[in-house]
Amino acid sequence: MNFSDERNFSSYFIIVAVLVITILVLWNTSLFLQRFKDDERTKIEIWTQSRKAFNSEQSDDYLDLVILIGETNKSVPFIITDSKGDFIRDSLGKPDPSYFQNLSKNVLNDERKLRSYLKKIKSENDPIELDLKDSVQYIYYGHSDVLNKLKYYPIAIALILFLLIGVIYFFFTTSKISEQNKLWAGMAKETAHQIGTPLSSLVGWNEILKGENVNPDYITEIEKDISRLKVITERFSKIGSIPILEEVDIVEETRNAYTYLQSRSSKLINFSLDLPDKPILVSLNSQLYSWTIENLVKNAIDAMRGKGDLKIDLSDDAKRVFIRIKDSGKGIPKSKFTKIFEPGYTSKSRGWGLGLSLSRRIIEEYHSGRIKVLKSDIGKGTTFQITLRKIGATV
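Residues numbered from 1 in each chain as written. Predicted model: local features only at pLDDT ≥ 70, side-chain atom pairs only at ≥ 80, totals over all residues. Heavy atoms only, no water.

Novice: Would you take a moment to explain the overall build of the protein chain for this structure?
Specialist: When its secondary structure is counted, the protein chain shows 10 helices and 11 strands. Across the 395 residues in the protein chain, those meeting the buried criterion constitute 35%. Once local pairs closer than 6 in sequence are excluded, the contacts in the protein chain between residues at least 24 apart make up 68%. Just so you have it, the protein chain exposes about 24500 Å², and 56% of that area is on carbon and sulfur atoms. (Helix = DSSP H or I, 4+ residues; strand = E, 2+ residues; numbered from the N terminus. Buried < 20%, exposed > 50% of the residue type's maximum accessible area, 1.4 Å probe, protein only. Contact = heavy atoms within 4.5 Å. Areas by Shrake-Rupley, 256 points an atom, 1.4 Å probe, with all protein chains shown as cover.)

Novice: It is not clear to me how the sheet that holds strand E2 (residues 100–101) should be interpreted in this structure. Could you clarify?
Specialist: Across a sheet, strands are paired by hydrogen bonds formed along the backbone, either parallel or antiparallel in direction. Spatially, 4 strands are ordered E2-E1-E4-E3 in an open sheet, and the strand pairing comes out antiparallel. With partners counted over all chains shown, the strands left at the sheet margins are E2 and strand E3 (128–131), one partner each. Where strand E1 (residues 78–81) meets strand E4 (residues 136–141), 4 bridges bridge the pair, whose relative direction is antiparallel. Residue Phe78 lies in a different strand from E4, and its bridge partner there is Tyr141. Those strands touched by helix H4 (residues 111–124) are E1, E2 and E4, and its axis lies near 100 degrees from that of E1. (Pairing = 2+ DSSP bridges. Axes fitted to C-alpha atoms, helices over the stretch in contact; angles between N-to-C directions.)

Novice: Looking at this structure, I do not really get the sheet that holds strand E6 (residues 269–274). What am I missing?
Specialist: On the basis of which strands lie adjacent, the open sheet formed by 5 strands has the order E6-E8-E9-E11-E10 and mixed pairing. Sheet topology places E6 and strand E10 (370–377) at the edges, where each strand pairs with a single neighbour. Averaged over all pairs of adjacent strands, the angle between strand axes in this sheet comes to 15 degrees, irrespective of strand direction. By the bridge criterion, 7 bridges tie strand E8 (residues 308–316) to strand E9 (residues 320–327) in an arrangement that is antiparallel.

Novice: Teacher, can you tell me more about the packing of helix H8 (residues 250–263) against helix H9 (residues 286–303) here?
Specialist: Working note: a packed helix pair is described by the angle between its axes plus the distance between those axes. Between H8 and H9, the least distance of the axes is 10 Å, while the angle of their chain directions is 50 degrees. Between H8 and H9, the crossing angle belongs to the class labelled oblique. Classified by chirality, the crossing of H9 by H8 is right-handed. Along the contact surface, H8 presents Ile250, Glu253, Thr254, Ala257 and Leu261, while H9 presents Ser286, Tyr289, Ser290, Ile293, Glu294 and Val297. Looking at side-chain class alone, the contact of H8 with H9 contains 6 nonpolar, 3 polar and 2 charged residues. (Parallel < 35°, antiparallel > 145°, perpendicular 65-115°, else oblique. Left-handed = near helix turned anticlockwise from the far one by under 90°. Nonpolar A, V, L, I, M, F, W, Y, C, P; charged D, E, K, R; others polar.)

Novice: Just checking my understanding: could you explain the packing of aromatic side chains for this structure?
Specialist: Within a pair of aromatic rings, the relevant descriptors are the distance that separates the centres and the angle that separates the planes. In the structure shown here, the tally under the stated rule is 3 aromatic pairs. Here the aromatic rings of Phe87 and Phe100 are separated by 6.1 Å at their centres, their planes lie at 75 degrees, and the arrangement is edge-to-face. On the criterion of sequence distance, the pair formed by Phe87 in the loop between E1 and E2 and Phe100 in strand E2 is long-range, its members being 13 residues apart. Here Phe87 matches Phe100 in class, with each residue buried. Ring geometry for Tyr258 versus Phe271: centroids 5.8 Å apart, planes at 80 degrees, classification edge-to-face. Taken together, the residues span a long stretch of sequence, with Tyr258 in helix H8 and Phe271 in strand E6 at a distance of 13 residues. Judged by its relative accessible area of 9%, Tyr258 is buried. (Phe/Tyr/Trp six-rings, centres within 6.5 Å; stacked < 30°, edge-to-face > 60°.)

Novice: Would you explain the packing of H9 against helix H10 (residues 355–366) in this entry?
Specialist: Between H9 and H10, whose axes approach to 9 Å, the crossing angle comes to 145 degrees. Read as a crossing pair, H9 and H10 show a hand that is left-handed. Within the contact between the two elements, H9 uses Leu288, Trp291, Thr292, Asn295, Leu296 and Asn299 and H10 uses Gly355, Leu356, Leu358, Ser359, Ile362, Ile363 and Tyr366. Grouping the amino acids of the contact of H9 with H10 by side-chain chemistry returns 8 nonpolar, 5 polar and no charged.

Novice: Looking at this structure, I do not really get a nonpolar patch on the surface. What am I missing?
Specialist: Taken together, Val16, Val20, Leu24, Trp27 and Leu31 make up a surface patch of nonpolar side chains, about 480 Å² in accessible area. You can see Val16 is positioned in helix H1 (residues 3–54). Overall, Val16 belongs to the partly exposed group, its relative accessible area being 48%. (Patch = residues over 30% accessible without salt bridge, like charges linked within 9 Å, V, L, I, M, F, W, Y side chains within 5 Å. Salt bridge = Lys/Arg side-chain N within 4 Å of Asp/Glu carboxyl O.)

Novice: What's the story with the side chain of Asn206 in this structure? I'm lost.
Specialist: The residue Asn206 is located in helix H6 (residues 153–210) in this model. With a relative accessible area of 4%, Asn206 lands in the buried category. Apart from residues lying up to four places away in sequence, Asn206 is in contact with Ile219, Ile222, Glu223 and Ile226.

Novice: Could you clarify how one ought to interpret the nonpolar core in this entry?
Specialist: Most often, soluble globular proteins have nonpolar side chains that are buried together. By size, the foremost hydrophobic cluster in this structure holds 36 residues, and its most contacted members are Ile250, Ile293, Leu310, Ile323 and Leu388. Membership of the second largest hydrophobic core comes to 22 residues, among which are Val76, Leu103, Ile121 and Ile128. (Core = buried A, V, L, I, M, F, W, Y, C linked by side-chain atoms within 4.5 Å.)

Novice: How should I be thinking about the confidence of the model for the protein chain in this particular structure?
Specialist: Do not read the predicted coordinates in detail wherever pLDDT is low. Per-residue confidence for the protein chain averages 80 on the pLDDT scale, and 82% of its residues sit at or above 70. Looking over the protein chain, one finds the lowest element-wise mean pLDDT in helix H2 (residues 60–70), namely 56, and the highest in E9, namely 96. (pLDDT = per-residue confidence, 0-100.)

Novice: I'm lost on a positive patch on the surface in this one. Help?
Specialist: On the surface, a cluster of positive charge is contributed by Lys311, Lys326, Lys375 and Lys380. Turning to its location among the elements, Lys375 is positioned in strand E10. (Lys, Arg positive; Asp, Glu negative; His and termini not counted. Charge placed at Lys NZ, Arg CZ, Asp CG, Glu CD.)

Take a look at the structure:
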């Protein structure tokens, strides 16, 4: 069993354990509530017996005990009705308050509310029959305030425990993402390190070739490729580290990235560029920004299968600058607008799913900006938008 398997086992074990504890707590709470309800019914039954005894001929001491028992119920509300389940009324035809106990004043003073409350407690508990010698009455009782509050405890406990499950799940998920980020950062730095050695050798061989009778055009092309390899090496070396941001003209940086990509892309791609004439200053790491533009452009070219229209335009407002890359490719379903930025997600048979994920990290984590799918129509194309803040402004 490897580390990943052990971690997954631990997370599942903890979640299952919490669920088992939740079930046990809810089950025991249910038993406690049922016992509490039984105790309240027993209390009313005792009160009923004391009421019957009070109406019988007994000694004074016995009646004192009966009265004492009858006065012990201070919490369970009840209403005594006639044999038909209706109120027992006084000489004025109003519900007789001597047949009620532990009811709130606003219910006692309003017969409509009193009738509504009687209907409610009839649905809560079965009545207890009070068999007097000359008549039969019924005692309908409700839940005490304590029991009414306790009914919400299982819900509160369940919410707390499920919240705990959510926290555990979030912890393991973020832990996994953090581990993946460290892995990608480690791979990127190792790649930069591995490229560095042959790159140094190429620089040396290029210097030797300059002293030989070699076509200068060849030397120029080799130097371009060496320069490109240096840029790639620096890009990979910055993954996992906090990059240095400098005050640069985003218009010029976008033009440079566009020029480089246009010269090295298929002639079947119709490039177009729309930039403002004025400089716009932003805090930027030029190498990482050009990497982002390159990722988006290559992604667009893949979506168009190497043939179509690709436009890069830049605009701004008082606080922000917007860079848009628009293609005429196959489009992206709206349900995938967010998912395409997740590490490892790709629609290509040979893709790694890293380009857009790295682009989001560069823009949002390193530059405090935003990158998103602005618009996409299936079969018509997609527009990505990068939003960056100007110098001295917030996005």
